[in-house]
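Structural features, examined
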Amino acid sequence: MKANIFDIKHFAVHDGPGIRTTVFFKGCPLKCRWCHNPESISAKKQLGYLLHKCVGCGKCVAACPQGAHTFTPDGLHKFEREKCTACGACAKVCPADALSLYGKEAELEAVLTELLEDEDFYESSNGGVTLSGGECLIQADFCAELLKRLKENGIHTAVDTCGFVSREAIDKVLPYTDLFLYDMKAFDDDVHIRCTGQSNKCILENLSYIDKCGGKTEIRIPFVPDYNSDQIEKIAGFLSTLKNLTKIKILPYHNYAGTKYKSLDMPDTLPEKLPEVCEIKEAENMLSTFGLEIAK
Ligand code: SF4
Ligand code: SF4
């Protein structure tokens, strides 16, 4: 069994309790304006090219079977994305980290073996493994099998999801998931559509369903001024009805991903305005008035 993943991050400390290893799956059904992992949105493999890192060695020209890299007569490196089949050959020979291949077909047994290598760290820190993305649950069969195998090895499991997935996908992973890290971007549907391109109806329904089934959740709220910053009270009202919510984390928006958009020739949709510390504090206070526990 194979999945399309774009990274495995070891010693992660922000993806659930303890020290964790996080598997990032490629492909996401939402288009969040503030997405800081634009390389995760497309389900296909992609080549990232950072012009400012290129030292002009020409090794990529020789490596590419498609002729996607050329040099103009005046010595400028030209990359033609439409010719690229994302084979990764050029990224392997680039000496300057100017080229990166995002996405690879990964075998379940190989991923499991890599995850089990960190077992001692999970044990000593009450950590475990987190499946993230992109949206990992669009590859739900692979996730379910991987989570099952991790549970057979006594490892704590977490699934980081945007919730915009089928009920069938939730049902597949529910028996093997100790904690859902669940994104809540807006309560009002029109705001959600404006921010992500999709309705939040099934996201709210899936969260209620997980809660009703006894699934534990930690809610993540990205805080983006002028986009969803007026939604906190409504989100808090909804969350206060859940029985198995462990805590809530506010994720202040940042705009560090601009270079990645450029490297992928994707339009940069990042909002300009960053949150003030006092706005985050105010949002946390609002959540607290509903009796909700805030994670720092
Ligand atoms: S990833 Fe493959 S096809 Fe694309 S530019 Fe590099 S060598 Fe050429
Ligand atoms: S291999 Fe890397 S550094 Fe060399 S020309 Fe290609 S992109 Fe530039």
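What counts and how
Residues numbered from 1 in each chain as written. Chains lettered and ligands numbered in written order. Predicted model: local features only at pLDDT ≥ 70, side-chain atom pairs only at ≥ 80, totals over all residues. Heavy atoms only, no water. Helix = DSSP H or I, 4+ residues; strand = E, 2+ residues; numbered from the N terminus. Rg over C-alpha atoms; globule rule 2.2 N^0.38 Å. Buried < 20%, exposed > 50% of the residue type's maximum accessible area, 1.4 Å probe, protein only. Contact = heavy atoms within 4.5 Å. Areas by Shrake-Rupley, 256 points an atom, 1.4 Å probe, with all protein chains shown as cover. Lys, Arg positive; Asp, Glu negative; His and termini not counted. Charge placed at Lys NZ, Arg CZ, Asp CG, Glu CD. Phe/Tyr/Trp six-rings, centres within 6.5 Å; stacked < 30°, edge-to-face > 60°. Lys NZ or Arg CZ within 6 Å of the ring centre and 35° of its normal. Salt bridge = Lys/Arg side-chain N within 4 Å of Asp/Glu carboxyl O. Near = heavy atom within 4 Å. Nonpolar A, V, L, I, M, F, W, Y, C, P; charged D, E, K, R; others polar.

Notes on the overall build of the protein
Helices and strands together make up the secondary structure of the protein, namely eleven helices and twelve strands. Taken over C-alpha atoms, the radius of gyration comes to 21 Å for the protein, in line with the 19 Å a tight globule of 296 residues would show. Over its C-alpha atoms, taken along the principal directions, the protein stretches across nearly 65 × 45 × 35 Å. In the protein, which comprises 296 residues, the proportion classed as buried is 49%. Intrachain contacts of the protein at a sequence separation of at least 6 include 70% that bridge at least 24 residues. Only carbon and sulfur atoms are counted for the fraction: they give 52% of the accessible area of the protein, which is about 14200 Å². Measuring between centres, the 35 positive side-chain charges of the protein sit 3 Å from its 42 negative side-chain charges.

With respect to the packing of aromatic side chains
Scanning the entire structure with this criterion turns up five aromatic pairs. Between Phe11 and Phe121, the aromatic rings sit 4.7 Å apart at their centres with planes inclined by 90°, giving edge-to-face as the arrangement. Residue Phe11 is located in strand β1 (residues 2-12), and its partner Phe121 is located in helix α4 (residues 119-125); the two are separated by 110 residues in the primary sequence. Centroid distance Phe187 to Phe238: 6.0 Å. Interplanar angle 45°. Geometry classified as tilted. Here Phe187, found in the loop between β10 (179-183) and α7 (189-196), pairs with Phe238, found in helix α9 (residues 232-239); they are 51 residues apart in sequence, far enough to count as distant. Sitting over the face of the ring of Tyr209, Arg167 holds its NZ or CZ atom 4.1 Å from the ring centroid.

Here's the deal with the pattern of salt bridges
Using the criterion set out here, one finds 13 salt bridges in the structure. Taking the shortest distance from any N to any O, the salt bridge between Lys260 and Glu39 comes out at 3.1 Å. Taken as a pair, Lys260 in helix α10 (residues 258-263) and Glu39 in the loop between β2 (20-25) and β3 (46-49) lie far apart in primary sequence, 221 residues in all. Classification of Glu39 as buried rests on a relative accessible area of 5%. In this structure, the salt-bridge partner of Glu80 is Lys83, at a minimum N-O distance of 3.3 Å. Classification of Glu80 as buried rests on a relative accessible area of 16%. A single salt-bridge network, built from bridges that share partners, covers Asp141, Glu168 and Lys172.

Details of the site of ligand 1
Near ligand 1 lie 14 residues; those nearest to it are Cys64, Cys84, Cys87, Gly88 and Cys90. Residue classes in the shell around ligand 1 are distributed as ten nonpolar, four polar and no charged.

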